[in-house]
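# Notes for the structure review
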Amino acid sequence: MKINWKEIEAKWRTKWSENKDFETDPNEKQKKFITVAYPYPNSPQHIGHGRTYTLADVHARFYRMLGFNVLFPMGFHYTGTPILGMAKRVEANDKEIINNLKNLYGVPEDTIKEFVEPIKIASYFHQEIKAGMIEMGYSIDWRREFTTIDPMYAKFIEWQIKILKEKKLIIQGSHPVGWCPKDQNPVSQHDTLGDVEPDFTEYILIKFKFENYIIPTATLRPETIFGVVNLWVNPEIIYKKITVNNEKWIVSKECAYKMEFLDKKITYEGEIKGSELIGKTVTVPHRNESIVILPANFVESETGTGVVMSVPSHAPFDYQALIDLKKSQMEPELSKKVNAITPISIIVTEGYGENPAKEAVEKFKIVDQNDPKLEEATKEVYSKEFYEGKLKSNTEQFAGIKVAFAKDTIKEWLIKNKHADILLELTNTPVRCRCGAECVVKVLNNQWFLNYGDMNWKEKATKCFDSMNILPQEIRTEFNYVIGWLRERACARQHGLGTKLPWDKDWIVESLSDSVIYMAYYTISKFINNKTIVSDNLTSEFFDYIFLDKGDLEKISSITKISNNIITEIKKEFQYFYPVDSRHSGRDLVPNHLTFFVLNHVAIFPESNWPREIVVNGSVLMNGSKMSKSMGNIIPLRKAIADYGADPIRLAIIISAELLQDADFNMESVGGIQNKIESLFDQCFSLKAEKSDVLEAEDIWIKSKTQKMISQVTIAVEKMRLREALHDILFGFESDLSWYMKRVTAKNRNNISSIIHEVNSIRIAMLSPFAPHIAEEMWEKLGHSGMVSKSAWPIFSQINVDPISIQSEEYLKGVIEDITKILKVTKMTPQKITIYTADLFKFKVYHFILEKITKGQTNMGIIMKELMANPDTEEIKKNPDFVQKTIKDILSEPTEIRNTKIESKKFNEKNFLANELAELGRKEFSVEIQVFSESDSEIYDPKEKARHARPFKPAILIE
RNA sequence: GCGGGAGUCGCCCAGCCUGGUCAAAGGCGUAGGGCUUAGGACCCUAUCUCUUAGGAGUUCGUGGGUUCAAAUCCCACCUCCCGCACCA
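Report on the accompanying structure. (Residues numbered from 1 in each chain as written. Chains lettered and ligands numbered in written order. Predicted model: local features only at pLDDT ≥ 70, side-chain atom pairs only at ≥ 80, totals over all residues. Heavy atoms only, no water.)

## Quick word on the overall build of chain A
If you tally the helices and strands in chain A, you get 35 helices and 30 strands. In summary, chain A has a C-alpha radius of gyration of 39 Å against a globular reference of 30 Å for 959 residues, an excess of more than 25%. Seen along its three principal axes, the alpha-carbon backbone of chain A occupies a region of about 120 × 80 × 55 Å. For chain A, the proportion of its 959 residues judged to be buried stands at 55%. For chain A, contacts bridging at least 24 residues in sequence account for 76% of all contacts bridging at least 6. (Helix = DSSP H or I, 4+ residues; strand = E, 2+ residues; numbered from the N terminus. Rg over C-alpha atoms; globule rule 2.2 N^0.38 Å. Buried < 20%, exposed > 50% of the residue type's maximum accessible area, 1.4 Å probe, protein only. Contact = heavy atoms within 4.5 Å.)

This is how it looks when you write it as structure tokens:
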């Protein structure tokens, strides 16, 4: 039967909401506080977002069925710059974004017009996302919803940031950022044309002395100062004479402009043409050696200072330029100088000789200095030398050091001796701001940082991580690593939505810093939303009292004008729900949000309120590739729900991958899930919970198997191995059920409705956290009163597991399988089948061997000797083949089955087969099956097969 | 470079933690059959190689090792993917 997902889902959604099932207040039960990283509302959510929330919802629903008082709240993170950027683009009538909003996100045109206001964007997508979450059936307590620009939230963040400052964890310093000179604003990826991230590198400026000027050259390789033999300038460039912090420099115009933003005082003094510098000499700093300035056209005014130091031994450009120059027409005097130049080799690298640059130029078949392949050659030499090279003896105190280590040391040494300076430069130029201006690097002074580099802080966070449950376990090392390399992090910016720094109103608390302890806020947001408290009254004393148990109630009450009772109630609410029992998020938040979450908790809260668990999930791929706007493979969640139903989407997301794996989502799998659920749904109509009569062998077996399933599924869900759990519920159990049906049909039984009813009730209860709507419907159809979401999670009961029945059904399956195999190989049509079970003597030997093996003895020779030493089993020497095969039989079995066999010595193969095999045989092979023991006196054994019988491996004769 | 992860029977993907139920689940694909007016959907059977008696052989990136026994544990190597920040 086709399921009307929409109708069923709406029906149960309404019931949950009417019953206020997910509105959680403190009570006498044990609590679980489950949170997910709240969404940033700059677009509708897609299937990928759905994964994290779905996992958390399953988690919440599971704990609810286990009897916990579960709080699962949600907020919306308005803080940040991307929305601001979007608003600007809408205002500028940017075609791309308007097209995306209209066609990709389906925003009505009238609404788009309002999007010039950033808050309109946020609140539009906020409602869109919320609607999707409700449609997905997430069991969220919406009374606690908030946004991060609510006035009350601002108070909360002010409190948080103030505490951090008091603890001296917020410090001030300077920091380079991408910068738009026109907007006077930092730029990030969202603010640039084409969404490029401004990427910059640090060049070392080596200060060469030229008369009373300094000619700086920019390099990434300060160590090569020991190999410099000349300088390159472009004769066509007009250089600027400038004063930089009381020094006179000669650099390109572009370089001078860049330096204006780098916290340097620049005044312009004059100009000099590149050609005028040719042939002049400069002094190498520290060595006081003179080298000549030569012309080269590969030198660009936009890069570095517009002057390049030449290290022909290690830099392919320099080597090639020197060759080009030697070939060209020169004044005799210059020519003499050029010919006197010999490269100085300063790095030894395995695989290269004296002149790596020369080798690379030859290898890449470089034509001249304008050859584009030179970039590649440079890259190769550089990376090889950097990671593998060592400095030679002509590098003074640095001799013998690996280049990778020497680089920073030499940089420090040069700067300390005033031989060098720093130049920051964009590497992916030109980066243009959305306003059209070309961006630069700016050093921001007075920037505020969270000092995540603080060793004590790190230690505390590590302690917290050590005591936390991290799921899956594999991700733990990654957290430890992140804690290790974390340094200062800017925690405020100058534009965007968010809370202003209380002590410096020019700055707004940055989005990854105002989202670290907000879980605590959920415990008070309920009182804000129902107007019990208002923001005007709130002071940091209030938060101190609620969250840190500091201060005096009377005093707080008089300051805030909130009654003692209410303050006490709020405090109790917090104390009941805190700490966070489980925090869910995607793995992309591991190196930032999740780690900051822990760091800030340990900084602000006492140990008793440190978080308990983190659950991390992988991302979602669409048909094997990343979802992206440009690929056009983003499926909006609400559209998917409308097309397929929420439950099939939930199931498809969960079944497609284990927690940390990337889930490859495709619509075919959703169809498969729908069919699976439909067939389960159909069964529910015909089943009745009537009393069952006497249980037959297969009934006991399927009940045992059901218990095993309960145990497996429960353990899997506890570890958030939801794929495995769901698989066991839906598919894994299917093969057991079909064996059961085979047995039942063979016997022509029609009294199994109650058994199946019982089994399916258990399955549907366990399915309920995964597919909550349809599970309710099935539960109702099965005739249960009450809701499945409020029923108890099935509990494993050892009493209902009958090991002997598991063993005997396995045995029966084995016999059927053997017969099938024989028929397959021989291709015969059976007329008659005869089974011979082993005699008592063989059983005695079998158990002897079984016990030996259990004790670890697997050596055939030793076992044989021991058997012969015992008068009871001595006779086995006539049948050594039996011993060998028996050892093999036993070794190929799981330990569990071996133990069962030890415990069930009395198992009577012949009786069991005689009772259970005949009907099955008739059904499966359409023949009569006769069963003998090989020791029976009136045995029918024309082919003398009986003697081959072994315990649990009867002999078979097919005619 | 540093750190993390992965390589499984045509494809996707389980299993590895805790060695034996593993020629290895499930899905897709393919072949045959059933159902259907037909198509789809669904159900059944088969799907490494050999085999006229339930068997044997060769497989889990490559090469070693430990063990009675290795996809699973240990060592080395090869290949691929992800993160390395001021951005949500």
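Next comes the rest of the write-up.
## Overview of helix α4 (residues 95–104)
Within the span of α4, buried status applies to Ile97, Ile98, Asn100 and Leu101. The arc enclosing the buried residues of α4, seen along the axis, measures out at 160°, which places them on a common side. Facing away from the buried side of α4 by over 90 degrees, the exposed positions are Lys95, Glu96 and Asn103. On its buried face, α4 is in contact with α3 (82–91), α5 (109–114) and α6 (118–135). (Arc of directions from axis to C-beta.)

## Brief notes about the sheet that holds strand β26 (residues 625–626)
Sheets are built from strands paired through backbone hydrogen bonds, the pairs being either parallel or antiparallel. The sheet built from three strands is open, its strands ordered β26-β25-β27 with mixed pairing. Both edges of this open sheet fall to β26 and β27 (663–665), since each of them pairs with a single strand only. Sheet topology note: the strand β25 (residues 620–622)/β27 ladder contains three bridges and is parallel. The residue of β27 that forms the bridge with Met622 is Phe665. (Pairing = 2+ DSSP bridges.)

## Some words on the nonpolar core
Grouped together as the largest cluster of nonpolar side chains are 231 residues, with contacts concentrated most on Phe156, Phe547 and Phe770. Not counting the four nearest positions on each side in its chain, Phe156 is found in contact with Ile517, Tyr518, Ala520, Tyr521, Phe543 and Phe547. In this structure, Val282, Val307, Phe317 and Ile366 belong to the second largest nonpolar core, which totals 58 residues. (Core = buried A, V, L, I, M, F, W, Y, C linked by side-chain atoms within 4.5 Å.)

## Comments concerning the packing of helix α24 (residues 667–686) against helix α28 (residues 753–767)
At a minimum axis distance of 10 Å, the contact between α24 and α28 shows a crossing angle of 135°. Classified by the interaxial angle, the pair formed by α24 and α28 is oblique. Every pair of crossing elements has a handedness; the one defined by α24 and α28 is left-handed. In this structure, α24 uses Ile677, Leu680, Gln683, Cys684 and Ser686 to contact α28, whose residues at the interface are Ser753, Ile756, Asn760, Arg763, Ile764 and Leu767. When grouped by side-chain class, the residues that make up the contact of α24 with α28 number six nonpolar, four polar and one charged. (Axes fitted to C-alpha atoms, helices over the stretch in contact; angles between N-to-C directions. Parallel < 35°, antiparallel > 145°, perpendicular 65-115°, else oblique. Left-handed = near helix turned anticlockwise from the far one by under 90°. Nonpolar A, V, L, I, M, F, W, Y, C, P; charged D, E, K, R; others polar.)

## Some remarks on the sheet that holds strand β22 (residues 504–509)
The strand order across the open sheet formed by three strands is β20-β22-β21, and the pairing between neighbours is antiparallel. The open sheet is flanked by β20 (492–493) and β21 (500–501), the only strands paired with a single partner. Alignment of β21 against β22, held across two bridges, turns out to be antiparallel. Within β22, the position partnered with Lys500 by the bridge is Ile508.

## Side note on the environment of Val58
Mapped onto the fold, Val58 is located in helix α2 (residues 47–65). The sequence separation of Val58 and Ala869 amounts to 811 residues, and the corresponding C-alpha distance is 61 Å. Other than its neighbours up to four places away in sequence, Val58 contacts Arg650, Ile654, Leu722, Pro769 and Phe770.

## Regarding the packing of aromatic side chains
Counted under the stated rule, the structure contains 50 aromatic pairs. With centroids separated by 5.3 Å and ring planes inclined at 80°, the aromatic side chains of Tyr257 and Phe261 adopt a geometry described as edge-to-face. Judged by relative accessible area, Tyr257 falls into the partly exposed class, the value being 38%. On the basis of an interplanar angle of 45° and a centroid distance of 5.0 Å, the ring pair of Tyr452 and Trp457 is categorised as tilted. Pair check on accessibility: Tyr452 and Trp457 agree, each one buried. Of note, Lys15 hangs over the ring of Trp12, and the distance from its end group to the ring centre comes to 4.9 Å. (Phe/Tyr/Trp six-rings, centres within 6.5 Å; stacked < 30°, edge-to-face > 60°. Lys NZ or Arg CZ within 6 Å of the ring centre and 35° of its normal.)

## Points about the environment of Asp941
Tracing the backbone shows Asp941 in the loop between β29 (929–933) and β30 (955–958). Once residues within four sequence positions are removed from consideration, Asp941 is found in contact with Tyr836 and Ala946. A polar contact is formed between the side chain of Asp941 and the backbone nitrogen of Lys945, at a distance of 2.8 Å. (Polar contact = N/O pair within 3.5 Å; in protein donor to acceptor, adjacent residues only side chain to side chain.)

## Notes on the protein's contact with RNA strand B
With respect to spatial proximity, 48 residues lie near RNA strand B, and among them Tyr40, Arg489, Arg493, Ser511 and Asn592 are the closest. Counting only the atoms of RNA strand B that lie within 4 Å of the protein, the sugar and phosphate share comes to 51%. A distance of 3.0 Å separates a phosphate oxygen of RNA strand B from a polar atom in the side chain of Lys888. The backbone of Glu893 places a nitrogen or oxygen atom 2.9 Å from a sugar or linking oxygen of RNA strand B. Broken down by secondary-structure element, the contributors of at least two residues to the surface near RNA strand B are α16 (476–485), β19 (488–490), α26 (722–732), α30 (803–826), α33 (880–891) and β30. Take the surface near RNA strand B: its biggest share by element is six residues, from α30. Among the residues making up the surface near RNA strand B, the classes are represented as 16 nonpolar, 15 polar and 17 charged. (Near = heavy atom within 4 Å.)

## Observations concerning the pairing of strand β1 (residues 31–36)
Along β1, six of the six residues are buried, which leaves the element largely enclosed by surrounding structure. Side chains of β1 alternate between two faces, with Lys31, Phe33 and Thr35 and Lys32, Ile34 and Val36 buried alike. Sheet topology note: the β1/strand β2 (residues 69–71) ladder contains three bridges and is parallel. Paired with Lys32 across the bridge in β2 is Val70. With α2 bridging β1 and its parallel neighbour β2, the resulting β-α-β unit is right-handed. As defined by bridge partners, β1 adjoins strand β23 (residues 582–586) across three bridges and the pair is classed as parallel. What sits directly across from Val36, in β23, is His584. (Right-handed = clockwise from strand over helix to strand, strands pointing away.)

## Comments concerning the side chain of Asp57
Note on placement: Asp57 falls in helix α2. At a separation of 2.7 Å, a polar atom in the side chain of Asp57 contacts the side chain of Arg650. Aside from chain neighbours lying at most four places away, what touches Asp57 is Phe72, Gly137, Tyr138, Ser139 and Arg650.

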